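Structural description and commentary
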Amino acid sequence: MIPLVFHPIYSQLDLPHRHRFPIEKYQGIYDALIKLGVDCANFHTPQALDPSYLTQIYDHDYIHQLCSGQLDPKAMRRIGFPWSEQLIQRTLTAAAGTVLTAELAMEHGKALNLTGGYHHAFADFGSGFCMVNDLYLAAKTMLINPDIDSVLIFDCDVHQGDGTALLASKDNDIFTVSIHGEKNFPHRKQVSNIDIGLAKGTGDDEYLETVDSALHLAFVQAQPDAVIYDAGVDIHINDDLGHLDITTKAVRARDEMVFAKCDDAGIPVAAVIGGGYQRDIDALVDVHLQLFLAAGVACR
Ligand SMILES: [Zn+2]
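Residues numbered from 1 in each chain as written. Predicted model: local features only at pLDDT ≥ 70, side-chain atom pairs only at ≥ 80, totals over all residues. Heavy atoms only, no water.

**A look at empty space enclosed by the protein**
The probe, sized like a water molecule, is rolled over the atoms to show the empty space still left. Where we set the bar: Put simply, the grid is 1 Å and covers the protein atoms alone, a cavity is a trapped set of points that fit a 1.4 Å probe, a pocket is an open set with protein on both sides within 12 Å along at least five of seven lines, and lining residues have an atom within 4 Å of a point. Grid points are joined across faces, edges and corners, and a volume is the space filled by probe spheres set on the points. Residues are sorted three ways: Asp, Glu, Lys and Arg are charged, Ala, Val, Leu, Ile, Met, Phe, Trp, Tyr, Cys and Pro are nonpolar, and all the rest, Gly among them, are polar. Each helix corresponds to a stretch of at least 4 residues labelled H or I by DSSP, and each strand to a stretch of at least 2 residues labelled E; elements are numbered beginning at the N terminus.
Considering all chains together, one arrives at three cavities of 30 Å³ or more under this definition. In this structure, the largest cavity occupies an estimated 70 Å³ of space. Among the residues forming the lining of the largest cavity, the class breakdown is eight nonpolar, one polar and one charged. Put simply, the second largest cavity is a space of about 40 Å³. Together, Ile153, Asp155, Gly161, Thr164, Thr176, Val177, Ser178 and Ser192 line the second largest cavity. For the lining of the second largest cavity, the secondary-structure elements that each account for two or more residues are strand S4 (151-155) and strand S5 (174-181). The element that contributes the greatest number of residues to the lining of the second largest cavity is S5, accounting for three residues. Its residues assigned to classes, the lining of the second largest cavity comprises two nonpolar, five polar and one charged.

Rendered as structure tokens:
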């Protein structure tokens, strides 16, 4: 049984009308998995992190101001959500979800969070819908385990994992890979251990070859003992923000490739769903489901 991590709060955030963030998708993925016959017992429920836990890793003033609603309006605009108590509870629970996923992956070999991938969050500011970098936090959690000396963060979201790259730049035991659209947000890129910027309109064959060679190179260079995988689906051909031409079939093939590589190496993998911005929620949920089908959580 592959553990899954979900909390209803993932989809509970009141946003202004026509806000582009598809907040309903998380509950949609949960409902779709239940419909596919996944047992409720597979799901683990995270509890919101205590902000004092975050200040061990991130900037104390930033975390304090974020949690107490004292960030200046410019900093909130950069994040892209209006501040609310609900936003903070959701953020702390989502980050807790990825930490829990990392712990479950170490115990069971594989675990998946029904949110996660807040890779534009830095130590002292947030941006692009990201406030707390859950990927970095999960990597730090894994490194507490004496059997884990090297963690690979493999980020396939269409946007560069800029926050993760900068946060991990001082950690020799965290290796970052980002495969993203070159001409896409963030326009000022940071330096990951491996960065691959794809041209607009990149199709399935080139994409899958790129992922395959990046995986190979990362495993050779990092010799990882564990992997954190950001399976963003904003690479999809129908995504509003992606500008790549990747089909649902290739999303599935990519996810299968990452899981197979970890299985072959016999190392744990914690996966998060990452970005995806189609306005048609049912269609978006279907693309995100590919990760769960690739992991063998359900069949269809
Ligand atoms: Zn993205």
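**Observations concerning the packing of helix H9 (residues 248-265) against helix H10 (residues 281-295)**
What counts, and what does not: Here the axes come from fitting lines to C-alpha atoms, over the contacting stretch only for helices, and the angles between their N-to-C directions go from 0 to 180 degrees. Whether a crossing is left-handed or right-handed is set by the direction in which the near helix is turned from the far one by less than a right angle, anticlockwise for left-handed and clockwise for right-handed. Residues are treated as being in contact if the distance between any of their heavy atoms lies within 4.5 Å.
Orientation of H9 relative to H10, taken along the N-to-C sense of each, is 35°, at an axis distance of 8 Å. H9 and H10 meet at a crossing whose hand is right-handed. Mapping the contact onto sequence places Thr248, Val251, Arg252, Asp255, Glu256 and Phe259 in H9 and Asp286, Val287, Gln290, Leu291, Leu293, Ala294 and Ala295 in H10.

**Points about the side chain of lysine 110**
Short version of the rule: Whether a residue is buried, partly exposed or exposed follows from its accessible area with a 1.4 Å probe, protein chains only, as a fraction of its type maximum: under 20%, in between, or over 50%, in that order. Counting of polar contacts relies on pairs of N or O atoms within 3.5 Å, with two restrictions inside protein: one atom must be capable of donating a hydrogen and the other of accepting it, and residues adjacent in sequence are counted only when both atoms are side-chain atoms.
As for its placement among the helices and strands, lysine 110 is situated in strand S3 (residues 110-113). Lysine 110 gets classed as buried once you look at its relative accessible area, which sits at 13%. Only 3.5 Å separates the side chain of lysine 110 from the backbone oxygen of alanine 295, close enough to count as a polar contact. Once residues within four sequence positions are removed from consideration, lysine 110 is found in contact with Ile2, Pro3, Ala105, Phe259, Asp263, Val269 and Ala295.

**Thoughts on the pairing of S4**
The line we're drawing: Note on pairing: two strands pair once DSSP finds at least 2 bridges between them. Crossovers are described as right-handed under a simple rule: with the strands pointing away from the observer, the path leading from the first strand over the helix to the second runs clockwise.
The element S4 is extensively covered by neighbouring structure, given that five of its five residues are classed as buried. Note: S4 against S5, five bridges, orientation parallel. Paired with phenylalanine 154 across the two strands is valine 177, which belongs to S5. As a crossover connection, the stretch from S4 through helix H7 (residues 162-168) into S5 is right-handed. Looking at chain direction, S4 and strand S7 (residues 226-230) are connected through five bridges and run parallel. By the bridge assignment for S7, valine 151 is matched with alanine 226.

**Overview of a negative patch on the surface**
What counts here: To count toward a patch, a residue needs a relative accessible area above 30% and no salt bridge. Like charges then connect within 9 Å, nonpolar side chains (Val, Leu, Ile, Met, Phe, Trp, Tyr) within 5 Å. Computed by Shrake-Rupley with a 1.4 Å probe, the accessible areas treat only the displayed protein chains as cover when residues are assessed. A carboxyl oxygen of Asp or Glu within 4 Å of a side-chain nitrogen of Lys or Arg is what we treat as a salt bridge. A residue counts as positive if it is Lys or Arg and as negative if it is Asp or Glu; His and the chain ends are not included. For this purpose, a charge sits on NZ of Lys, CZ of Arg, CG of Asp or CD of Glu.
Side chains of Asp205, Glu206, Glu209 and Asp212 sit close together on the surface and give a patch of like negative charge. Positionally, glutamate 209 belongs in helix H8 (residues 204-222).

**With respect to the coordination of the zinc ion**
Heads up, the rule is: Listed donor atoms are N, O and S within 2.8 Å of the metal (Na, K and Ca: 3.2 Å). As water is not included, a site may look incomplete.
Coordination sphere of the zinc ion, protein contribution only: Asp157 (OD), His159 (ND1) and Asp234 (OD), at 1.9 to 2.1 Å. Each donor residue of the zinc ion lies on one chain, and together they are spaced D-x1-H-x74-D. Here aspartate 157 is found in the loop between S4 and H7, whereas its partner aspartate 234 is found in the loop between S7 and H9, with 77 residues between them in sequence. Relative accessible area serves as the criterion here: at 2%, aspartate 157 is assigned to the buried category. By relative accessible area, which is 0% here, aspartate 234 ends up buried.

**Details of the packing of aromatic side chains**
Each pair of aromatic rings is reported with the distance of its centres and the angle of its planes. For clarity, the cut-off: Aromatic pairs are defined between Phe, Tyr and Trp rings, using the six-membered ring for Trp, whenever the two ring centres lie within 6.5 Å; interplanar angles under 30 degrees are classed as stacked, those over 60 as edge-to-face, and all others as tilted.
Applying the stated criterion across every chain, the model contains 14 aromatic pairs. Relative to tyrosine 277, the ring of phenylalanine 21 lies with its centre 6.2 Å away and its plane at 70°, an arrangement referred to as edge-to-face. Highlighted residues: phenylalanine 21 in the loop between strand S1 (4-5) and helix H1 (25-35) and tyrosine 277 in the loop between strand S8 (269-272) and H10, separated in sequence by 256 residues. Each member of the pair, phenylalanine 21 as well as tyrosine 277, is classed as buried.

**What to know about the sheet that holds S8**
Ordered in space as S2-S1-S3-S8-S7-S4-S5-S6, the eight strands form an open sheet in which the pairing is parallel. Each edge of the sheet is formed by a strand with only one pairing partner; in this case those strands are strand S2 (43-44) and strand S6 (194-198). Relative to S8, S3 runs parallel, the two being bridged by four bridges. Directly across from leucine 112, in S8, lies its bridge partner alanine 271. Lying over the sheet, H8 contacts S4, S5, S6 and S7, oriented at roughly 170° with respect to S5.

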